[in-house]
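Working through the structure, step by step
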Amino acid sequence: MDNNWMNAPGGSNNSAANNRWAAPARNDQQPTNNYVPNYGNPSQMINQNYGAPHQHQQQLPPQRQQAPPPRSVSNISSASHSSAAAPPATPTTSQKAPTDPIIADRAGDEETEDGRIRNKEAASKIRDAWIYKQIRARQDEFTTYQQGRIFVGTWNVNAKGKDENLSSWLCADWHQYGPPDIVVVGFQEMVDLNAVNVAVENKSQQRSQFWVDRIRSTLNSRENTMGDPMRAYTQLAVKYLVGLLVCVFVKAPHKPRLKYVGTDSVGVGVMGVMGNKGGVSIRLQFYDTTLCFVCTHLAAHRENVAGRNADFANVFSKTSFEIGEEAVSEVIRSGSLNKLSAGTSSVGISEHDISFWFGDLNYRVDESIPTERVLELSKANQLSELIEQDQLNVERAQGRVFQDWEEGQLAFKPTYKYQPGTDLYEERPDKKLRAPAWCDRILWLAQEPGHVSQLNYVRSEINFSDHKPVMSTFLVTIKDVVLSKRMQVYKEVIRLLDTFENNSLPMVSLDRIKLDFGEVRYDQRVTLPIIITNTGKVVAPFRLVPKLEEEALCKPWVTVSPAYGMLIPGEQTEIEVTIAINNATAHALNTSREVLEDSLILRLENGRDYYISVSGKYARSCFGMSVDDLVLYTDPIRAVPLDPILRAEKYDINTKAAMCVPKELWRIIDAIYERGLDERDLFSTPGNPDEVYQIRECLDTGAPFGNFSVHSMTEALQSFLSNLSSPVVPSSLFPTLDIDAQNIQSFARKFLEDMPPIQYNVFIYTVSFFREVLSHRQGNRLSPARIARICCTCLVSSAQGNGEEGAESLPKRRGNMQQIMLHFLETNSI
């Protein structure tokens, strides 16, 4: 293998007596990171056999630390940028909602004569998972490690391109680092994204072949190969989708050690499936390291942050490579999966040693910086302020997208939008003025972070498109498995397992079978552990199983990790049981449709079942309730019993509303007013999380507010309104016709007339407050349009369209709703 690695050249209180926001009279009749790694001389890191990762990691740079979230961007501010065209993605580590890992259906359960239950499929899978865990822990015993270079380039060519020289992009750093071992290139908009091309793809094949040929001829030019076929590159795989293209080239000497190549494409454009937006991917096994390359073009428009996040989540979750069970087994035997996926023939993006994600991700500079200012700073190459407000940096820091992915420092000017054929940003009078942005990005994800080092992250100055190409070269650690040594490790593991499997029945002890979580609050996660010890003489495979006639392992507010495992005699492990109260659970608890009680069944394969009780007491919160319920009580909501019988004994449920608007809404608006509406970046700067939590407790218990910042107060206000169990403005009140200057007054009047009394009061009260906020715009720098977006986020339902027609009309209806909000904010009277 050593001979195949090309050498790099050497060298180089809340009083309201005088407050206009005092509670209204009752009315019952009408309603980044700047770390720059020092990599040393890359030529000294090639052709070295390091033996094991812990040896070579000493020569790699320290890991780049994740940049803290920008101070001037709040959660609600970022969310308000979302477009109704695409629902926001659920922010989780895996980019999609987690599911309980039921590894075998109960249909396979077999009951023995003595009443024991056994599931052979579950036992086999659990056994395989344990074996894999041992193999993975010992992979250094049968693996050698070498260094290789991977070039990744991305370019939105704006449907242009003829015979321009690509060497300044593809080969720009060869003199410094040497030719890479793998070249990966992604294109976006290689064809016009018009309706015909999207529906038929009649030009995509032709244009993809054009670009593949251009890349091949550039890489294999006489100047690069010097006539030596061993220096030439061979095409490995190509995948295209409308205007997207990704292709992989490898050096000829490596071709014999490449296998299990797979491709996939995911359309997330029109109707959520068309290919005008989406991703194309290629995966492969390079020696014994698995690599994945994902080229994407995400949702456009500066305000559509949530749309881009949703596109990422869709591509991430839907991309799957059907490579066959043998290929998956090979990866398992080599210890290259972050978890066991036995019995499957496909793998996802995250199930690779190293994954690269690149393309026109379309993230822009936050709208808080005016377009003219972005242009000014970009042209002056003053980038720090722009990098801090870069949407991708903000969303990653807030954990809403690209969780666990890494990106290098942005040390180059924004790559979009240029006048084609020039190096000037687009400022022509006849063209729409757009703020420059780093649309074109390259990120990576590695199971072993020390196995990837980014050597550079730059852009090319080729200028025929309105985007600049971006490229990056990586130094990666490649695994090479010694088969004989792997077999020896495997035999030792099996021998150890057989020693215990040949004895009697499994037996375990649990340090507790009752889990009392005590008082649990809204939006709080509480975890309690259970220690399981194998007290028998045989291995004890265990798993959680659903209760009879149920499909899930537990109620939605409970999660258990891990849900299965295996213990050898004397071994113990810890199971973590977590309960979390989200908006849906809080609503169910407040309406007495749910109680914090559940039971878990822990089953030993070929053994007995253990029953674990889970209980807690919900500390009632105004968050997750409806305004109709909140106006019924003058007492703090924490003092209102959840039990309907106790509540009926304490309160007369037939009485009318005690207040016009919820006291919690009045208290927090009153507090914001007292703290000053002239605060700069009001409703934009995030609050202190600890203060936001304490504010919620004050609202729930009736305690006076402490010396909290106005930014924490505004964040708590937005969170309160956004998390009502039913929105102040339901989707049924969305205007169905276009709004214009002639009809907006009548629409607004009809809108208010159709509102239920309580919702009417809350709406008028809230909008009046925001009108007062706008009267201080000179100090707080808020615009009516931004406040209108905040109102839509906090007060308006996330409506669902009925069928294709409803889905297509939803963005327009939400746009009309924002116009109405803007009208209420700017009109002389409501």
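Whatever comes next refers back to the structure up there.
A short tour of the structure in this document, coming up. (Residues numbered from 1 in each chain as written. Predicted model: local features only at pLDDT ≥ 70, side-chain atom pairs only at ≥ 80, totals over all residues. Heavy atoms only, no water.)

1. Considering the overall build of the protein
- Looking only at helices and strands, the protein has 25 helices and 25 strands in total.
- Per-residue burial over the protein gives 54% buried out of 830 residues.
- With an accessible surface of roughly 35800 Å², the protein has 48% of that area assigned to carbon and sulfur atoms. (Helix = DSSP H or I, 4+ residues; strand = E, 2+ residues; numbered from the N terminus. Buried < 20%, exposed > 50% of the residue type's maximum accessible area, 1.4 Å probe, protein only. Areas by Shrake-Rupley, 256 points an atom, 1.4 Å probe, with all protein chains shown as cover.)

2. As for the pairing of strand 4 (residues 182–188)
- Most of strand 4 sits inside the fold, with seven of its seven residues counted as buried.
- In strand 4, alternate side chains face the same way, and those of Ile182, Val184, Gly186 and Gln188 on one face and Val183, Val185 and Phe187 on the other are all buried.
- Bridge count for strand 3 (residues 143–156) against strand 4 is seven bridges, and the pairing is parallel. Looking at the pairing, Thr154 lines up with Gly186 of strand 4. (Pairing = 2+ DSSP bridges.)

3. Focus on the packing of helix 18 (residues 663–675) against helix 22 (residues 757–774)
- The N-to-C vectors of helix 18 and helix 22 enclose an angle of 5°; their axes lie 12 Å apart at closest approach. As far as their axial angle goes, helix 22 and helix 18 are roughly parallel. Contacts between helix 18 and helix 22 involve Leu665, Trp666, Ile669, Ile672 and Tyr673 from the first element and Val762, Tyr765, Thr766, Phe769 and Glu772 from the second.
- Considered class by class, the residues forming the contact of helix 18 with helix 22 number eight nonpolar, one polar and one charged. (Axes fitted to C-alpha atoms, helices over the stretch in contact; angles between N-to-C directions. Parallel < 35°, antiparallel > 145°, perpendicular 65-115°, else oblique. Contact = heavy atoms within 4.5 Å. Nonpolar A, V, L, I, M, F, W, Y, C, P; charged D, E, K, R; others polar.)

4. Here we look at the layout of surface pockets
- Approximately 510 Å³ is the volume found for the second largest pocket.
- Lining the second largest pocket are 20 residues, with Glu367, Ser368, Ile369, Asp681 and Arg781 sitting closest to its centre.
- For the lining of the second largest pocket, the secondary-structure elements that each account for two or more residues are helix 12 (384–388) and helix 24 (784–795).
- Considered class by class, the residues forming the lining of the second largest pocket number four nonpolar, six polar and 10 charged. (1 Å grid on protein atoms, 1.4 Å probe; cavity = no way out; pocket = protein on both sides within 12 Å on 5 of 7 lines; lining within 4 Å. Points joined across faces, edges and corners; volume = space filled by probe spheres on them.)

5. Observations regarding the packing of helix 3 (residues 120–137) against helix 14 (residues 483–501)
- Between helix 3 and helix 14, the shortest axis-to-axis distance is 10 Å and the interhelical angle comes to 135°. Our classification of the angle between helix 3 and helix 14 gives oblique. Considering only the axes of helix 3 and helix 14, their crossing is right-handed. Along its contact with helix 3, which presents Arg127, Trp130, Ile131, Gln134 and Ile135, the element helix 14 presents Val489, Tyr490, Val493, Ile494, Leu496, Leu497, Asp498 and Glu501. (Left-handed = near helix turned anticlockwise from the far one by under 90°.)

6. Quick notes on the packing of aromatic side chains
- All chains considered together, the criterion is met by 26 aromatic pairs.
- Ring centres 5.0 Å apart and planes at 75° place the aromatic pair Phe210 and Trp211 in the edge-to-face group.
- Above the face of the Phe705 ring, Arg667 is positioned so that its terminal group lies 4.4 Å from the ring centre. (Phe/Tyr/Trp six-rings, centres within 6.5 Å; stacked < 30°, edge-to-face > 60°. Lys NZ or Arg CZ within 6 Å of the ring centre and 35° of its normal.)

7. Topic: unusual backbone geometry
- Residues Tyr416 and Lys417 are joined by a peptide bond in cis, for which omega reads 5°.
- On the secondary structure map, Lys417 appears in the loop between strand 13 (406–407) and strand 14 (440–446).
- With an omega of -5°, the peptide bond between Ser561 and Pro562 qualifies as cis.
- Relative to the helices and strands, Pro562 resides in the loop between strand 21 (558–561) and strand 22 (564–567).
- Not every positive phi belongs to a glycine, and Glu189 is a case in point at roughly 55°.
- Its place among the elements puts Glu189 in the loop between strand 4 and helix 6 (195–200).
- Although it is not a glycine, Asp523 adopts a positive phi angle of roughly 60°.
- Examined against the element boundaries, Asp523 turns out to sit in the loop between strand 18 (514–521) and strand 19 (525–534).

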